[in-house]
Number of protein chains: 2
Amino acid sequence: MDFVTNEKLTIVGAAGMIGSNMAQTALMMRLTPNICLYDPYGPALEGVAEELYHCAFEGANITWTTDIREALTDAAYVVSSGGAARKAGMTREDLLKGNAQIAEQFGKDIKSYCPDVKHVVVVFNPADITGLIALIYAGLKPSQVSTLAALDSTRLRSELAKYFKISPDEIRNCRTYGGHGEQMAVFASTTLVAGRPLSELIGKEMPEGDWADLQQRVIQGGKHIIDLRGRSSFQSPAYLSICMIAAAMGGKPFEYRRRVRAQRRIQAYPDGDGDHHHERGRRL
Amino acid sequence: MDFVTNEKLTIVGAAGMIGSNMAQTALMMRLTPNICLYDPYGPALEGVAEELYHCAFEGANITWTTDIREALTDAAYVVSSGGAARKAGMTREDLLKGNAQIAEQFGKDIKSYCPDVKHVVVVFNPADITGLIALIYAGLKPSQVSTLAALDSTRLRSELAKYFKISPDEIRNCRTYGGHGEQMAVFASTTLVAGRPLSELIGKEMPEGDWADLQQRVIQGGKHIIDLRGRSSFQSPAYLSICMIAAAMGGKPFEYRRRVRAQRRIQAYPDGDGDHHHERGRRL
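Residues numbered from 1 in each chain as written. Chains lettered and ligands numbered in written order. Predicted model: local features only at pLDDT ≥ 70, side-chain atom pairs only at ≥ 80, totals over all residues.

**Observations regarding the overall build of chain A**
Here is step 1: Within chain A one finds 12 helices and 12 strands.
Here is step 2: The 284 residues of chain A split such that 55% are buried.
Here is step 3: Put simply, 73% of the contacts in chain A that link residues at least 6 apart link residues at least 24 apart. (Helix = DSSP H or I, 4+ residues; strand = E, 2+ residues; numbered from the N terminus. Buried ≥ 20, exposed ≤ 12 C-beta atoms within 10 Å, placed from the backbone. Contact = placed C-beta atoms within 7 Å.)

**Side note on the relation of the copies chain A and chain B**
Here is step 1: The transform that puts chain A on chain B rotates by 180° and translates by 0.0 Å along the axis, for an RMSD of 0.0 Å. As the rotation angle and translation indicate, the two copies are arranged about a two-fold axis.
Here is step 2: When the interface residues of chain A are mapped onto chain B, 97% of them again lie at the interface, so the same face is used by both copies. (Least-squares fit on C-alpha atoms with pLDDT ≥ 70 in both.)

**What about the sheet that holds strand 10 (residues 192–193) of chain B?**
Residue and element names in this part refer to chain B.
Here is step 1: If you trace the 3 strands from one edge of the open sheet to the other, you get 7-10-11, paired in antiparallel fashion. What marks the edges here is a single partner per strand, and that holds for strand 7 (171–172) and strand 11 (196–197).
Here is step 2: Sheet topology places strand 7 next to strand 10; 2 bridges connect them, and they run antiparallel. If you follow I171 over to strand 10, its bridge partner there is V193. (Pairing = 2+ DSSP bridges.)

**A closer look at the interface of chain A and chain B**
The accessible area lost on association of the parts is a frequent measure of interface size.
Here is step 1: Opposite the 34 residues of chain A that make contact, chain B presents 34 residues.
Here is step 2: Within the side of chain A that touches chain B, the residues separate by chemical class into 15 nonpolar, 11 polar and 8 charged. (Nonpolar A, V, L, I, M, F, W, Y, C, P; charged D, E, K, R; others polar.)

**Quick look at the nonpolar core**
The tendency in soluble globular proteins is for nonpolar side chains to be buried as a group.
Here is step 1: If you look at the biggest cluster of nonpolar residues, it comprises 136 residues, and the most contacted ones within it are L37(A) and L37(B).
Here is step 2: Once residues lying within four places of it in the same chain are set aside, the contact partners of L37(B) are I11(B), A14(B), A23(B), L45(B), V48(B), A49(B), I62(B) and W64(B). (Core = buried A, V, L, I, M, F, W, Y, C linked by C-beta atoms within 7 Å.)

**Overview of the pairing of strand 5 (residues 119–122) of chain B**
Residues and elements named next belong to chain B.
Here is step 1: Every second residue of strand 5 is oriented toward a common face, with H119 and V121 on one face and V120 and V122 on the other, all of them buried.
Here is step 2: With 4 bridges connecting them, strand 4 (residues 75–80) and strand 5 associate as parallel partners. Paired with Y77 across the strands is H119, a residue of strand 5.
Here is step 3: Between strand 4 and its parallel partner strand 5, the chain crosses via helix 4 (residues 96–113), and the hand of that crossover is right-handed.
Here is step 4: The β-α-β motif built from strand 5, the intervening helix 5 (residues 127–138) and the parallel element strand 6 (residues 145–147) has right-handed crossover chirality. (Right-handed = clockwise from strand over helix to strand, strands pointing away.)

This is how it looks when you write it as structure tokens:
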């Protein structure tokens, strides 16, 4: 069985729930045999590596290290979930101070150890902001950094499918903009529901109040998972972030176009005013 | 993208760490669109279902229920991790009393609600025994039930690869027998190391004491994960159990031949004396 590429993929934060799932997902997708797991916490990292060895992925060359220099050296692709996770009662923005510092150091480490990296996906929250910080300190081009706002779009898709009681596959072109958090802008304008524009359904088949409630469910989608599972979501961010890096590595294109690049994100804040766009998002 | 089959696959214990990973793994492998998640604990189950909806697996028809009758009705394939997990300080056998009762009810439920099921994989520990109990109460043929002793064989493979500092792919035909626990028999006789019989290496390139230590590491492989990660292994049992059901569903054959059927397991205990075989396993 061939791999998509032989280039090195480094998973940062691989000892955590998201990181360990990302590693398994990347190996299952056979993106590359050369996967390096990094985490500052060695014992859990070794445990993850052991579990992956026990999966017996054919042809895999899985390495692990607690040395960030070793982890990033020669990395062509990097996915990082290496920040603190959200706990019950927190917004994503509550993570900002600590995770912003982590993102700064992550960007600097990329610049020091793998300045020729091809693509980086930043997952830790608030991901839209940590992605920007990493981008700036890494000295990469905006097109080389993706964040996880895609998850908001798939949440919109899922909520619409449940509301209209149809297959999620019949919901097309969902888009969310703005922050990956309370500042999120959940748009109706691009979405098709079984071929019909969502904008035309709102106020008719879908009362405006229902749409406003649904937008809230999308914005609070991550909180809802914490309420239900007792922990921050990890399967969906892990899976989607690996889908994103897979597209960059030459694998399957990221088909929902939810690869929200920092470039696009910057463009979404022309005046640095997230709330402005938030309000625009609320309009149809 | 096609699925291997359209038949219903039910994941029992889907709210747990193993079960939720099994569901994601099965969807990634595109075994069937029709995946039903069952767990008696509704909130966490809904949380898992939400995460999988947010992954946006194309063509997937993911349902969830806390009603075992609904979950098993029309199921062609069932994988169960629906027992208690091992905690630090426990052996797998410590789980026996509670999980044996769960296995009995699981078998009875299969007999009641899906007597025509094609294949069942039982993962909860001690899996060799719970699998047997489920088999007996379900009224299935031995060839229709698999348990997770495969994981012991991949652990043997991994330990040998580390010991000889070669790729795990160069270790072939690893076999373990007996219980999936302290009673495990770790055999050398079938294994090839880079084409050479392991039996010929022991006492030469590999001192006998090293082999005895390595056997212990295999037997304690699960405990080691608990020590390192602070929780029972979940990624490797989930992944391997889905590889097993995939083979039964018409997907890729389970290539390490670690699909340890209850039939073979019964044959491994002709006199009901696990220790006897344990000792045999220690001989070369």
